[in-house]
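So the chains spell out like this:
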Amino acid sequence: MKRIALILIGVISLVRLATASNTISYTATAAPGALPSDGVDQNNNAVSVWTLGQEAGVTNGGISGDYFGTAFSGETLSGWQIWTSPSGLPAGDGGWIQATNTFPGGALTVGQTISINFEMRAADAGRDVGVSLLNSSTNAITFGIYGGEPNAGFPYPGNGYFYNDAGSTDVSAGGMSYQYQSEFNISFSITGPNTYTAVAGSDKWSGTFVGPLVGIEVFNDGAGNGSDVAFNNLTIAPSLSINNIFPNDSTALFNATNTFSFTAASAGYAINASGIQVTLNGTNITSGLKITGAGTDNISVSYTNLQLNQSYAGQITVSNTGGAVVTSAIQFDTFSTNYYTWEAEDFDFNGGQFIDNSVISTNSINSYYNTVGISNIDEYVPNFATNQPHLWRTNDEVSIALAGETPRAQFTAAGIPDYLVGYFNPGNWLNYTRTYPAGVYNVYGRLANGNGGLANATLAQVINGQGTTGQTLQQLGMFQFTAQGWNNFNFIPLTDSYGNLLAIKLNGQTTFRVTSGSLGGGINMNFFMLVPGSNTPPAIVNIYPDGLQPFENTNALTFAVSSSFTTINQTNVQVTLNGANVSSQLAFSGSSTNWAVSLPLNSQGSYTVTITATDALGHSNTHTETFDTFSQNDLMVEADESDFNGGQWIDDSIQTATTTAAANSYYFYPGGDANNTAEYGIDYTTTNVTGETYLYRVDGNTPGTVSLTADAIGTQVTSDFLRGKFINEGSSAQPPFENVPGEPVPTTNTDYNVGWWTPGTWLNYTRTFPTNSYYVYGRLAGGVPYTNTTVSLVTNGQGTLTQTTQLLGSFSDASANGFQSWHWIQLTGNNGQPVLVSLGGVETLQVTAGPGAATGNVNSHFYIFVPATVSGSLAFSLSASVNGSTVSIKFPTQSGHSYTVQYSTSLTSPNWQTLGSSITGDGTVKTATDSASGTARFYRVQAQ
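Before going into details, it helps to say that this report is about the structure given with it.

Calculation criteria
- Residues numbered from 1 in each chain as written.
- Predicted model: local features only at pLDDT ≥ 70, side-chain atom pairs only at ≥ 80, totals over all residues.
- Heavy atoms only, no water.
- Salt bridge = Lys/Arg side-chain N within 4 Å of Asp/Glu carboxyl O.
- Helix = DSSP H or I, 4+ residues; strand = E, 2+ residues; numbered from the N terminus.
- Pairing = 2+ DSSP bridges.
- Axes fitted to C-alpha atoms, helices over the stretch in contact; angles between N-to-C directions.
- Contact = heavy atoms within 4.5 Å.
- Polar contact = N/O pair within 3.5 Å; in protein donor to acceptor, adjacent residues only side chain to side chain.
- Patch = residues over 30% accessible without salt bridge, like charges linked within 9 Å, V, L, I, M, F, W, Y side chains within 5 Å.
- Areas by Shrake-Rupley, 256 points an atom, 1.4 Å probe, with all protein chains shown as cover.
- Buried < 20%, exposed > 50% of the residue type's maximum accessible area, 1.4 Å probe, protein only.
- Phe/Tyr/Trp six-rings, centres within 6.5 Å; stacked < 30°, edge-to-face > 60°.
- Lys NZ or Arg CZ within 6 Å of the ring centre and 35° of its normal.

1. Some points on the pattern of salt bridges
Within the structure shown, the criterion is met by 9 salt bridges. A salt bridge links E405 to R446; the shortest N-O distance between them is 2.7 Å. Linking E405 in the loop between β27 (399-402) and α1 (409-414) with R446 in strand β29 (residues 429-449), this pair joins segments that are 41 residues apart in sequence. A single salt-bridge network, built from bridges that share partners, covers E638, R723, K725 and D751.

2. Observations regarding the sheet that holds strand β35 (residues 539-544)
A sheet is described by the order of its strands in space; here 4 strands give the open sequence β35-β36-β40-β39, paired in antiparallel fashion. Taken across any chain shown, the strands that pair with only one partner, and hence form the sheet edges, are β35 and β39 (587-591). Ignoring strand direction, the axes of neighbouring strands in this sheet form an average angle of 20°. When strand β36 (residues 556-562) meets strand β40 (residues 594-600), the two strands line up antiparallel, connected through 7 bridges. Bridge assignment links T558 to a residue of β40, and that residue is S598.

3. Observations regarding unusual backbone geometry
The amide bond that connects F246 to the next residue, P247, takes the cis arrangement and shows omega of -10°. Residue position: P247 is located in the loop between β17 (241-246) and β18 (260-265). With omega at 0°, the peptide bond leading from Y544 into P545 counts as cis. Looking at where P545 falls in the secondary structure, it is placed in the loop between β35 and β36. One non-glycine residue with positive phi stands out, namely N645, at about 50°. Following the sequence through the fold, N645 ends up in the loop between β43 (635-638) and β44 (715-717). For D652, which is not glycine, the phi dihedral falls at a positive 55°. Relative to the helices and strands, D652 is located in the loop between β43 and β44.

4. Considerations on the environment of Y903
Along the polypeptide, Y903 turns up in strand β54 (residues 898-904). Along the primary structure Y903 and F938 are separated by 35 residues, whereas in three dimensions their C-alpha atoms are 5.4 Å apart. When near neighbours in sequence (up to four residues on either side) are disregarded, Y903 contacts W912, Q913, T914, L915, R937, F938 and Y939.

5. A few points about the pairing of β36
Two strands pair when backbone bridges link them, and β35 and β36 are joined in this way by 4 bridges, in the antiparallel orientation. Each residue of the ladder has a partner; that of V541, found in β36, is A560.

6. Here we look at the sheet that holds strand β37 (residues 573-577)
Reading across the sheet, the 4 strands line up as β38-β37-β41-β42 and stay open at both edges, with antiparallel pairing between neighbours. Unpaired on one side and paired on the other, β38 (580-581) and β42 (620-628) mark the two borders of the sheet. Bridge analysis of β37 against β38 gives 2 bridges, and the strand direction is antiparallel. Across the sheet, T576 pairs through a bridge with N581, a residue of β38.

7. Details of the side chain of S665
Relative to the helices and strands, S665 is located in the loop between β43 and β44. Within the structure, the side chain of S665 is placed 3.1 Å from the backbone nitrogen of Y667, a separation counted as a polar contact.

8. Side note on a nonpolar patch on the surface
A surface patch of nonpolar side chains, about 240 Å² in accessible area, is lined by V440, F565 and L617. Relative to the assigned elements, F565 resides in the loop between β36 and β37. In this structure F565 comes out as partly exposed when scored by relative accessible area, which is 34%.

9. A word on the packing of aromatic side chains
Inspection of the entire model under this criterion finds 48 aromatic pairs. Taking 5.0 Å as the distance between ring centres and 65° as the angle between the ring planes, the aromatic pair formed by F335 and F491 counts as edge-to-face. Here F335 is found in the loop between β24 (325-333) and β25 (341-343), whereas its partner F491 is found in strand β32 (residues 485-495), with 156 residues between them in sequence. By relative accessible area, which is 0% here, F335 ends up buried. Relative to F865, the ring of Y774 lies with its centre 6.1 Å away and its plane at 85°, an arrangement referred to as edge-to-face. Linking Y774 in strand β46 (residues 762-782) with F865 in strand β51 (residues 859-867), this pair joins segments that are 91 residues apart in sequence. One exposure class covers both Y774 and F865, and it is buried. Taken together, the ring pairs in this structure connect Y340, W342, Y432, Y436, F479, F512 and F528 into an aromatic cluster. Sitting above the plane of the F491 ring, R446 keeps its charged end 4.5 Å from the centroid. Residue placement shows R723 over the ring face of F862; its charged tip is 3.9 Å from the ring centre.

10. Observations concerning the pairing of strand β15 (residues 215-221)
In terms of burial, β15 is a largely internal element, 6 of the 7 residues being buried. As paired elements, strand β6 (residues 96-102) and β15 share 6 bridges and run antiparallel to each other. Directly across from I97, in β15, lies its bridge partner N220. For strand β8 (residues 128-135) and β15, the ladder comprises 7 bridges, and the chain directions are antiparallel. Note on β15: the bridge partner recorded for V131 is V218.

Have a look at this one:
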């Protein structure tokens, strides 16, 4: 697996977009003749616009594949025209003809829009006419219609246009009907390096292409007798560009500044302030921008609230009044050039030897050049190979290559290129001994990975045995980051497992060990840096539940907050739970430098918690976690265990997977009876989809195949968390296929989910439900965000073709990001609030896939029914405080409920008085106030 890319020395900016010279407009003259040069540009100068290409068809006494000329009578567009066969020839004899324009300013750039007016007559079935944008001589994007005089088009008969691009073939462009001899405009806007949006008449779509786009072609592909295409007004709108980004790590590292700036230009179109958006490290900073020249075509933008000693990444988005949009990724740092650094290739040598204040030189004794480390003392690289690059220290086993990094001053001054350590596989390590400057520091590594996903490395201190094979380590922390390329380096901070920035105390000679971690398959390392750590924010650690797996059943959230530098006031620890601030319910123990904190939770729920801690010096840290507290003892209905044989079901089924059939299992014919397939229209309406698999509910004739009699309920192995019910079940010799003392231990079963669930189709689930009111959650995954996957109660006709249903609620997930990325989604009503479902006895629920792509956009694993008595967002508690003559009573609320505060002078009094008016719940903590009367009062809250 290659980890070092050999590159030329130099830097290519990844964030600047060049301004193109393409700003053109071509129109035909009022009466164009037979040559493609009969046109004018935007300055009314005569130009040669189009190049003609053609292939003749059957001549039959005349020519076919004709030329430029005036529009035919009855047509509205005055412009150039091509046609493939004069009237009178048989259909399909027209050959082909095309008119091509190569853009004089070069390829289109991001932010440009190209448009052309277009008109056509009929085209024979199976032939096509249209417009293409060209990548060299290849069609990169095509818009057109398959003809048929004009009502027999294929594949969209009589009423549709298609488009082809890098990701689509013959996809409908929308609902616009055939425009016979009617002019309309086609435009393509370049939105990214390989993305575009298009508008053709009333049709709109977006797609991808393989660029660069260097020309346009109007074509008539043998479309038949009397077919013709007219076109005019070819226009390329001015380009939009983002320039002069500062700071910019592609230009220079170590930019100790509080100001970020850039310019944008858009000749011919204005850039308004509303057309500028900037995000940095996930925060939208647009409101803090200073914009000069807003409303003109050339603007300057600055932001003066950068923090020192930070690494920033984000995005600039600029749009103009012409509708063009351009984005630019940004990456920069605000570290000082004075900070202590050491190079990754300058590791220990000769059994623990090192050089303080080394020089970059190939002929000095104070240089690491050509020094050699000893295995298991200075280095450990068992993957050494002679075909790996071994520069700088040519006789050492560690692989060293040129770094494709932004030049740093010390290397430029020395005339020596920058190097990196590569092929640094998981488990490889290097020691770095120095007399480091005394102080407290944050540690950063300049690291890269090209395998995608997360990559990591660890930092330890050798506390004993330095220079020997028997070294004792103290682990300090980890460098963890998202891979962006083997030579795309970032400043990665040393953190703990919760992501807290760590402060390391140094005082004299110290040996650090850097070890490649298990994630990402290894890393590339350029250098390391010490940054003064006095501004290190408080640490938030020991969080539980931590969201590492589902079903962390507990009634409390616990965590710790600490600082090595100063104190933390309890009021500066803030917690929001599912969007509600619940800080008033926190309980603290410990000290102001190390708090242990707890928050009561209902025993069951799905939560997103955000914890923010701010110390006495004003330094803040925020941690967000998503977790659930469901119990595996809750009632669950497996998505692959839908009804069969006309409304039949199994209570308390077991998952026998693909081991054997059983009377109380849905595999593979429920109960082992081959007649127990599901009945279409009664048990399900899902359909077969190309590529679908049927691993749990299979064909009624041959397991694993599909026929007309199959249960068209697609199932696949799920990657989701394996629940306990699937462990040690399903392989003992006799039912119930569970582990029996004295018998062989059964194997772990495979778990499945329903997939290929086409929009609008449904599955029925009948069960005997314990009487209760339930909150319902689906364990669902979506390829894209989805809405309106509904759950209904079958109120009449269960087991028949005529079923009456009552809508209960729906599942929606705006964060869906993959068909095996599983989320808890709560059933909600039309108002977006959770619904309470009352069930008891035999009930049938019908789950229907919401609108989406033809092959569906929701996978379902299972549904969990949480009794309302143990479900909710918050544990209910009251708190009261007195300030002067005012008593404040605080309590948490939930949306959909109203609350009344009451008081009495005795807990046993039968007469409680209402305090104020009722309070509507919205998920936040509410406060009611009372006047202190000097008499003891008791308070209670009633919820409805």
